[in-house]
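# Chains, contacts and geometry: an overview
Read off the chains here:
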Amino acid sequence: MINQIILSQISILQGSFENIDNEKIINLYDETRRKTDDESDTFYEDFTIPFSEEVRKLSDRLREVFTTNFHVGLDLTGFWLHTQDFNQSTATHSHMKPEDVVDAPNISAVYYLKVPENSGDIVFDYPISKYEQNRYTIKSEENNFLVFSSDLDHFVTRSRSHERRFSISFNYKKLCP
């Protein structure tokens, strides 16, 4: 008899939502609320937005997806609007805070509000061994979402579209069962 023991597994939940008013969320965009003016910073494409009713509805639905699949509740710790203009890309990053691992988020999510053709896709770097990494690309599509571990490195490929792309990201902390 042979048993397989799985010591590690990396999961990304992927799906789509209907009945989210993407335009209501996009209309919260305010160019003056950029997280940083440093173009070399990975937060340059990020903007703070108010916690509107539509943002709350979207966050609740993402939490429901996670809880249904993993039977663990989530507490929202942060959210932001992300834009990508022509020739922009996002550098490799994760949503973990190495300086504060205890209070850092465990789970992150992205939802695509407006995705013009060729406006960039998300790429995840994940370990396949102690010394090797692999990459997995997921095409960005309007109304789609991804839920993933906050420590998973990822980046967004360069936009070749002259239309601005909009997505919204969320960070959550797992609730103790």
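So, here's what we can say about the structure. (Residues numbered from 1 in each chain as written. Predicted model: local features only at pLDDT ≥ 70, side-chain atom pairs only at ≥ 80, totals over all residues. Heavy atoms only, no water.)

### Looking at unusual backbone geometry
This is how the line gets drawn: Numbering goes from the N terminus for both helices and strands, where a helix is a DSSP run of H or I of at least four residues and a strand is a run of E of at least two.
We note that N19 has phi near 65°; this positive angle belongs to a residue other than glycine. Looking at the element boundaries, N19 is found in the loop between strand 1 (12–16) and helix 1 (22–26).

### Description of the nonpolar core
Short version of the rule: Buried residues of nine kinds, namely Ala, Val, Leu, Ile, Met, Phe, Trp, Tyr and Cys, make up a nonpolar core once their side-chain atoms join them within 4.5 Å. Each residue gets one of three labels from its accessible area relative to the maximum for its type: buried under 20%, exposed over 50%, partly exposed in between, using a 1.4 Å probe on protein chains only. Only heavy atoms matter for contacts: two residues are in contact if any of them lie within 4.5 Å across the pair.
Membership of the largest hydrophobic core comes to 27 residues, with the highest contact counts inside it found for I25, L58, L62, L81, I168 and F170. Elements represented by at least two residues in this core include exactly helix 1, helix 2 (53–70), strand 3 (74–84), strand 5 (107–114), strand 8 (144–149) and strand 10 (165–174). Top contributing element to this core by residue count: helix 2, with five residues. In this view, L62 contacts F17, A109, F145, V147, F170 and Y172; residues no more than four positions away in its chain are not counted.

### Quick word on the sheet that holds strand 9 (residues 153–156)
This is how it is decided: In short, DSSP must find at least two bridges between two strands for them to pair. A fitted line through C-alpha atoms represents every axis, and for helices the fit uses only the stretch in contact; the resulting angles, taken between N-to-C directions, go from 0 to 180 degrees.
Strand order in the open sheet formed by four strands is 4-9-6-7, with antiparallel pairing between adjacent strands. Among the strands making up the open sheet, the edge pair consists of strand 4 (90–93) and strand 7 (133–138). Here the strands of the sheet are splayed against their neighbours by 15° on average, with no regard to which way each runs. Bridge analysis of strand 4 against strand 9 gives two bridges, and the strand direction is antiparallel. Each residue of the ladder has a partner; that of T90, found in strand 9, is V156.

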